[in-house]
Amino acid sequence: MVVKLLVDPHTKRIVYAAPNGVTPERILILDAGRQHLFSPATCEHAIYSGPSPAGFNPQKCWDFSYGENGIEPVRAPASAQRVPERA
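Summary of the structure given here. All of these numbers come straight from a predicted model, not from anything done at the bench.

Section: the packing of aromatic side chains
Enumeration according to the criterion identifies 3 aromatic pairs in this entry. Here the aromatic rings of Phe-38 and Trp-62 are separated by 5.7 Å at their centres, their planes lie at 55°, and the arrangement is tilted. Placement of the pair is Phe-38 in strand β4 (residues 34-38) and Trp-62 in the loop between β5 (44-48) and β6 (64-67), with a sequence separation of 24 residues. You can call Phe-38 buried: its relative accessible area is 1%. One cation-aromatic arrangement involves Arg-13 over Trp-62; the distance from NZ or CZ to the ring centre is 5.0 Å.

Written out as structure tokens, the structure is:
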């Protein structure tokens with residue numbers, strides 16, 4: 001399956017996975033009592049066509065990162081990774 005990914009350029013976490021290639025104007029992620037607001041303009045874009053790891057789906061994509069080895073589970077809890085504040 002081919003999926004378009006929006007990736008946080010700082011943490012490499014997957015912000016949004018769009019199997020149909022359509023992305024929203026804004027994405028709000030609630031994580032450990034914090035809010036992270038993203039837009040496609042603030043994210044890296046990637047097209048991924050490899051196998052998806054177990055548990056990966058659009059609702060849980062923040063628990064995964066994207067890099068040289070494809071999609072992988074995040075090793076540190078989300079609250080332990082620093083996500084810069086955005087204006």
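Thoughts on the nonpolar core
In this structure, Val-3, Leu-5, Val-7, Ile-14, Ala-17, Ala-46, Tyr-48, Phe-56, Cys-61, Phe-64 and Ile-71 together form the largest nonpolar core, which totals 11 residues. Listed by contribution, the elements that provide at least two residues to this core are β1 (3-7), β2 (14-18) and β5. A per-element tally of this core places β1 first, with 3 residues. Not counting residues within four places of it along the chain, the set of residues in contact with Phe-56 comprises Leu-5, Ile-14, Ala-17, Cys-61, Phe-64 and Ile-71. Counting residues in hydrophobic clusters, the runner-up holds 7 residues, among them Leu-6, Val-15, Ile-29 and Cys-43.

Analysis parameters
- Residues numbered from 1 in each chain as written.
- Predicted model: local features only at pLDDT ≥ 70, side-chain atom pairs only at ≥ 80, totals over all residues.
- Heavy atoms only, no water.
- Phe/Tyr/Trp six-rings, centres within 6.5 Å; stacked < 30°, edge-to-face > 60°.
- Helix = DSSP H or I, 4+ residues; strand = E, 2+ residues; numbered from the N terminus.
- Buried < 20%, exposed > 50% of the residue type's maximum accessible area, 1.4 Å probe, protein only.
- Lys NZ or Arg CZ within 6 Å of the ring centre and 35° of its normal.
- Core = buried A, V, L, I, M, F, W, Y, C linked by side-chain atoms within 4.5 Å.
- Contact = heavy atoms within 4.5 Å.

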